[in-house]
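The chain contents come next:
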Amino acid sequence: MLRLSSLFLLLQAALSQGILHATTDTLPSGEYYDFIVVGGSPYDWNYTTTPQTNLDGRVLGYPQGHVLGGSSSINGMYYTRGSSSDFDRYAQLSGDAGWSWKNLQPYFKKNEVWTPPADNHNTSGQFNPAVHGFKGINSVSLSGFSQGIDSRVIQTTQELPDEFPYNEDMNSGNPIGVGWLQSTIGKGQRSSSATSYLAPNILRQNLDVVLGTQVTRILQTTVSGKQPALRTIEVATNPKSARKRLVAAKEIILSAGVIGTPHILLNSGIGDESELRAHGVKPILHLPDVGKNFSDQPAVVNSWRVASNDTLDEFVILDIICFSKPDHLFSLSRDPELRAQYLRQWEKNKTGPLVVPTAGTHIIWGRLANSSSIFNSTMDPSSGINSPHYEMFTICISTFRSIAGGSITLKSSDPFEYPLIDPGTLASEFDRLALRETVKTSLRFVAANAWKGYVIEPVGSLQNVTSDEDLDKSILESATLALHGVGTAAMSALHATHGVVDPDLHLKSASGLRIVDASVLPYVPAAHTQAPVYIIAERAADLIKDSWRKG
């Protein structure tokens, strides 16, 4: 939203440093802000899901960034755009060709500044410069620290090219194959929306950033014709503090994420009328799809015992299963001395193993065979033939589904009480069957000659698998989520009766409120959602500016 040049207010419950407002008390009195941008441990909201029926009642952590930059400040930094057909489907569903892959290309390049890796190694053949931006804002680079298995991964693409073809650049719109991981890292450091977009503009005279403050409700300002005008927000610093109201002269931009956005809307009386009344919330706008259509990517972990000490856990040990716990994303080496050594190296020159994202240097994207028996009982949920069904990276496997069975609903009318988060993990038959087939795919990958003498055996529950029933049990025990949730304020065509926002991201049947975050995507893309969300925001900035220029 820093693409907007008018005066606006950014509210975010966060920690940071700089010339910022600790509370709203220091804001100028009587001020009307052209735009109000609403966002929301010190670094994580510490959300947890409801007990998941298809995981034998297990509760999963659902980390979301509680810091300037949101989840871009705590995520795995993977930069994956998805398939061209993903975006073409968004364009088709919304009735707006502006959301197509072709028409979004200027925004991808506007966002990205391609950066040499931290170790400055020769990157020839590891990416395609033609599909990247070199004059943007957010740093993207290849891995800056090589790993012992890199050559084995590439050798596997040569041995098994039909199933695991080499893909020079996964971000070309055709991601299928094995390619080098691209990450939002610049000069060995995380490049988040806070460091790339906000930090250079923090001293702008037309920007106020308020910390330690939470939006409790969006309020009706006036009635414009038959539609409510929603340009007022109510904020508070804690459940017992006084509530304060702020008014946007132009519009509110709600960017609180796939959980925070529907939670704010529901507390404001925007949602299914009967459900709102059941919680004592007065409805102001009947939009039944608010909080519905929640979709994420199910994931599992495979681990193997290997004949080497040169492994990922020598310096990065995932102490969560694909981010399934709500505490820390990863822990460093078990060896405190080694950990200190790596940290000193990174602090000195931003090189070494700490410049590597959480799980490796390559990603494998693949599709199930057209002849797979899965499609005898379930439809193909992918957006097209160039869109993957699954992803594998080092030890984690996830599948990409388009069947959204989850929801975000109110637990009470208290805006400080977390909502009920139900992603409906493994609720669809495709999810369950596709995970089974993808685990089998990973076994074929490590059975290539490239891994002979290196991979000894699987460990954990996968070690005792001898049948599909055993494999299903293993998946059930370790299945979690990739934390790429979308859909809770889904975009639909302008005059469609379903959905939450129109193609210009305006809240339907209202004025003064626009939503700009992952919640507007009607289907989860075959990607990590960071890059798609940046592109939503970049196009939204132009949509907003154009609408007020014309107005």
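Residues numbered from 1 in each chain as written. Predicted model: local features only at pLDDT ≥ 70, side-chain atom pairs only at ≥ 80, totals over all residues. Heavy atoms only, no water.

**A word on the nonpolar core**
Step number 1: Grouped together as the largest cluster of nonpolar side chains are 59 residues, with contacts concentrated most on Trp 99, Val 500, Leu 505, Leu 507 and Ile 515.
Step number 2: Counting residues per element, this core draws most heavily on helix α10 (residues 530–550), at 7 residues.
Step number 3: Listed in part, the 39 residues of the second largest apolar core include Val 178, Leu 433, Ala 434 and Val 439. (Core = buried A, V, L, I, M, F, W, Y, C linked by side-chain atoms within 4.5 Å. Buried < 20%, exposed > 50% of the residue type's maximum accessible area, 1.4 Å probe, protein only. Helix = DSSP H or I, 4+ residues; strand = E, 2+ residues; numbered from the N terminus.)

**Remarks on the side chain of Thr 438**
Step number 1: Within the secondary structure layout, Thr 438 lies in helix α8 (residues 429–446).
Step number 2: Since its relative accessible area comes to 0%, Thr 438 is described here as buried.
Step number 3: Here Ala 434 takes part through its backbone oxygen, which lies 2.7 Å from a polar atom of the side chain of Thr 438. (Polar contact = N/O pair within 3.5 Å; in protein donor to acceptor, adjacent residues only side chain to side chain.)

**Structural notes on the sheet that holds strand β5 (residues 112–114)**
Step number 1: Across the sheet, which stays open at both edges, the 3 strands sit in the order β5-β6-β8 with mixed pairing between neighbours. Looking at the sheet topology across the chains shown, the edges are occupied by β5 and β8 (182–183).
Step number 2: Here β5 pairs with strand β6 (residues 138–142) via 3 bridges, running parallel. Each bridged residue has a counterpart across the sheet, and for Trp 114 the counterpart in β6 is Val 140.
Step number 3: The sheet strands contacting helix α2 (residues 101–111) are β5 and β6, and the helix crosses β5 at an angle near 60°. (Pairing = 2+ DSSP bridges. Contact = heavy atoms within 4.5 Å. Axes fitted to C-alpha atoms, helices over the stretch in contact; angles between N-to-C directions.)

**A short note on the pattern of salt bridges**
Step number 1: Per the counting criterion, the structure on display carries 18 salt bridges.
Step number 2: Across the salt bridge formed by Glu 275 and Lys 292, the nearest N and O atoms sit 3.0 Å from each other. Of this pair, Glu 275 sits in helix α6 (residues 273–278) while Lys 292 sits in the loop between β18 (285–286) and β19 (298–301), placing them 17 residues apart in sequence.
Step number 3: Since its relative accessible area comes to 33%, Glu 275 is described here as partly exposed.
Step number 4: Linking Arg 305 and Glu 457 is a salt bridge whose minimum nitrogen-to-oxygen distance equals 2.4 Å. Taken together, the residues span a long stretch of sequence, with Arg 305 in strand β20 (residues 304–306) and Glu 457 in strand β28 (residues 455–458) at a distance of 152 residues.
Step number 5: Within this structure, Arg 436, Glu 437, Lys 440, Asp 468 and Asp 472 form a network of salt bridges that share partners. (Salt bridge = Lys/Arg side-chain N within 4 Å of Asp/Glu carboxyl O.)

**What about the packing of helix α1 (residues 84–94) against α2?**
Step number 1: Running from amino to carboxyl end, α1 crosses α2 at an angle of 110°, the nearest separation of the two axes being 9 Å. Between α1 and α2, the crossing angle belongs to the class labelled roughly perpendicular. Seen from α1, the contacting residues are Ser 84, Phe 87 and Asp 88; seen from α2, they are Trp 101, Leu 104 and Phe 108.
Step number 2: Classifying every residue of the contact of α1 with α2 gives 4 nonpolar, 1 polar and 1 charged. (Parallel < 35°, antiparallel > 145°, perpendicular 65-115°, else oblique. Nonpolar A, V, L, I, M, F, W, Y, C, P; charged D, E, K, R; others polar.)

**Regarding the pairing of β6**
Look at any regular strand and the pattern is simple: side chains alternate between the two faces of the sheet.
Step number 1: Most of β6 sits out of view: 5 of its 5 residues are buried.
Step number 2: Of the two faces of β6, the one holding Asn 138, Val 140 and Leu 142 and the one holding Ser 139 and Ser 141 are both buried throughout.
Step number 3: Two elements, β6 and β8, share 2 bridges in a ladder whose sense is antiparallel. Paired with Ser 141 across the bridge in β8 is Ser 183.

**Describing the packing of α2 against α10**
Step number 1: As a packed pair, α2 and α10 sit with axes 9 Å apart at the nearest point and diverge in direction by 105°. In this view, α2 runs roughly perpendicular relative to α10, as classed from their interaxial angle. Taking contact as the criterion, the partners of Leu 104, Tyr 107, Phe 108, Lys 110 and Asn 111 in α2 are, on α10, Tyr 534, Ile 535, Glu 538, Arg 539 and Asp 542.
Step number 2: Looking at the contact of α2 with α10 residue by residue, the classes come out as 5 nonpolar, 1 polar and 4 charged.

**Side note on the packing of aromatic side chains**
Step number 1: Within this structure, the stated rule accounts for 13 aromatic pairs.
Step number 2: Between Trp 45 and Tyr 418 the ring centres are 6.3 Å apart and the planes differ by 65°, which places this aromatic pair in the edge-to-face class. Of this pair, Trp 45 sits in the loop between β2 (33–38) and β3 (47–48) while Tyr 418 is found in the loop between β26 (407–409) and β27 (420–422), placing the two residues 373 residues apart along the sequence.
Step number 3: Residue Trp 45 is classed as buried on the basis of its relative accessible area of 10%.
Step number 4: Plain terms: the ring middles of Trp 114 and Phe 127 are 4.2 Å apart, the flat faces sit at 10° to each other, and that makes the pair stacked. Of this pair, Trp 114 sits in strand β5 while Phe 127 sits in the loop between β5 and β6, and the two are 13 residues apart along the sequence. The two residues Trp 114 and Phe 127 agree in class, both being buried.
Step number 5: Members of the aromatic cluster, each reached through a chain of ring pairs, are Phe 87, Tyr 90, Trp 101 and Phe 108.
Step number 6: Over the ring of Tyr 523 we find Arg 89; its NZ or CZ atom is 4.4 Å from the centre of that ring.
Step number 7: Positioned above the aromatic ring of Trp 346, the side-chain terminus of Lys 350 is 4.3 Å from the ring centre. (Phe/Tyr/Trp six-rings, centres within 6.5 Å; stacked < 30°, edge-to-face > 60°. Lys NZ or Arg CZ within 6 Å of the ring centre and 35° of its normal.)

**Let's talk about helix α9 (residues 468–478)**
Step number 1: Regarding α9, the residues found buried are Leu 471, Ser 474, Ile 475 and Ser 478. For α9, the angular spread of the buried residues around the axis is 100°, confining them to a single face. Exposed and oriented more than 90 degrees from the buried face of α9 are Glu 469 and Lys 473.
Step number 2: The inward-facing, buried residues of α9 abut β19, α8 and β29 (480–481). (Arc of directions from axis to C-beta.)

**Notes on the environment of Ser 71**
Step number 1: Its place among the elements puts Ser 71 in the loop between β4 (61–62) and α1.
Step number 2: It is 8.3 Å that separates the C-alpha atoms of Ser 71 and Asp 44, two residues lying 27 residues apart in sequence.
Step number 3: Sequence-distant contacts of Ser 71, that is, excluding residues within four places in its chain, are made with Gln 64 and Gly 65.

**Describing the confidence of the model for the protein chain**
Step number 1: The share of residues in the protein chain with pLDDT of 70 or more is 85%, and the mean pLDDT across the chain is 87.
Step number 2: Residue range residues 12–20 is modelled with pLDDT below 50. Its contacts to residues more than four positions away, or to other chains, number 33 contacts.
Step number 3: Considering only residues more than four positions removed or in separate chains, one finds that residues 314–333, a stretch of pLDDT under 50, has 63 contacts. (pLDDT = per-residue confidence, 0-100.)

**Focus: the side chain of Ser 241**
Step number 1: Within the secondary structure, Ser 241 is located in the loop between β15 (232–236) and β16 (244–254).
Step number 2: Judged by relative accessible area, which is 18%, Ser 241 ranks as buried.
Step number 3: One polar contact links the side chain of Ser 241 to the main-chain amide nitrogen of Thr 237, over a distance of 3.0 Å.

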